[in-house]
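# Coordinate analysis (summary)
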Amino acid sequence: MKRLLCLYLSLFVFSTVSIAQTTDNHQRIRMSLTPKGLFRDSLSNSYAVIPFEGKTQSELYEMVLKNIYKLYNSPKEVLSLLENETVTIYASTTKLAYTRVLGLTFAGQTYYKINIYFKDNMIKIDYPEISKATFRPVDSEIIYQYPLLASTYFDKKGNVKKKRIGIVNAIEEYANWLCNYIIYGSKLIQSESTKDNDW
């Protein structure tokens, strides 16, 4: 009986390791918005480390640059580069901040920063950092510090308010899509994300 139990346990562990290795080949970045306006994954990390076995640092750098050049209209205007080592994106979008005024939902202009680092066989990407959002409902301009704005989407216990679920889902969907596109380009994968703290 003990031998049979050990056999089943061994098979389970082996199959789990095989699944993890398959997933790690193409792991999907998955983060959530917090009440403080930060993006964090399920382990509270502010970044993801993506393995690319057999790829050199320079190959990964060039791959990500190609994806970024396809993503932005004027990529040279949003990039700061340290060749083969670091890419920093300073860009803006209207897909990371929303507010409601007089029952209407308005998208805000946000400026975000994303850092990407390269080593042989791996890429580290920091999740987007946003400082403020600017809204222009009707003929006025409203500027929110992003942490203050994000806090209005959540209740005192840190749960998303029912009336803000759609807003938070839209923000998270875009942030996840953006980071995955930067890493994988149009070859967005379907596997679940796992995180590696050992950068």
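This text gives an overview of the structure that appears in the document. Because the structure is predicted, anything quoted here is derived from the model rather than measured. (Residues numbered from 1 in each chain as written. Predicted model: local features only at pLDDT ≥ 70, side-chain atom pairs only at ≥ 80, totals over all residues. Heavy atoms only, no water.)

Side-chain positions along a regular strand alternate between the two faces of the sheet. In this structure, strand β6 (residues 98-101) lies alongside strand β7 (residues 104-107), joined through four bridges in antiparallel fashion. Bridge assignment links arginine 100 to a residue of β7, and that residue is threonine 105. Hairpin connection between β6 and β7: a loop of two residues separates the two successive antiparallel strands, and leucine 102 in this loop has a positive phi of roughly 55°. (Pairing = 2+ DSSP bridges. Helix = DSSP H or I, 4+ residues; strand = E, 2+ residues; numbered from the N terminus.)

All right, on to the pattern of salt bridges then. According to the stated counting rule, one finds one salt bridge in the structure shown. Across the pair glutamate 141 and arginine 136 runs a salt bridge, and its minimum N-O distance is 3.0 Å. Its relative accessible area of 48% is what places glutamate 141 among the partly exposed residues. (Salt bridge = Lys/Arg side-chain N within 4 Å of Asp/Glu carboxyl O. Buried < 20%, exposed > 50% of the residue type's maximum accessible area, 1.4 Å probe, protein only.)

Turning our attention to the pairing of strand β5 (residues 86-93). Burial runs high along β5: six of the eight residues are buried. Two elements, strand β4 (residues 79-82) and β5, share four bridges in a ladder whose sense is antiparallel. From the neighbouring strand, leucine 82 faces β5, where its bridge partner is threonine 86. Two strands pair when backbone bridges link them, and β5 and strand β8 (residues 109-119) are joined in this way by eight bridges, in the antiparallel orientation. Considered in β8, the bridge of threonine 93 is made with threonine 110.

Further remarks concern the environment of proline 51. With respect to the element layout, proline 51 can be found in strand β3 (residues 47-51). Overall, the relative accessible area of 23% leaves proline 51 in the partly exposed class. In sequence terms proline 51 and lysine 124 are 73 residues apart; their C-alpha atoms lie 8.8 Å from each other.

A complete count under the given rule lists five aromatic pairs for this structure. Look at tyrosine 61 and phenylalanine 118: their rings are 5.5 Å apart centre to centre, the planes differ by 80°, and that puts the pair in the edge-to-face class. Placement of tyrosine 61 in helix α2 (residues 57-71) and of phenylalanine 118 in strand β8 is noted, with a sequence separation of 57 residues between them. Judged by relative accessible area, which is 3%, phenylalanine 118 ranks as buried. Among the aromatic residues, those joined into a ring-pair cluster are Tyr174, Trp177 and Tyr181. The ring of tyrosine 47 is capped by lysine 124, whose NZ or CZ atom sits 4.6 Å from the centre of that ring. (Phe/Tyr/Trp six-rings, centres within 6.5 Å; stacked < 30°, edge-to-face > 60°. Lys NZ or Arg CZ within 6 Å of the ring centre and 35° of its normal.)

Our focus in this paragraph is unusual backbone geometry. Glycine aside, residues mostly have negative phi, and peptide bonds are mostly found in the trans state. A positive phi angle, close to 65°, is found at asparagine 84, a residue other than glycine. Of note, asparagine 121 is a non-glycine position whose phi angle comes to about 75°, a positive value. With respect to the helices and strands, the residue asparagine 121 is situated in the loop between β8 and β9 (122-126). Its relative accessible area of 26% is what places asparagine 121 among the partly exposed residues.

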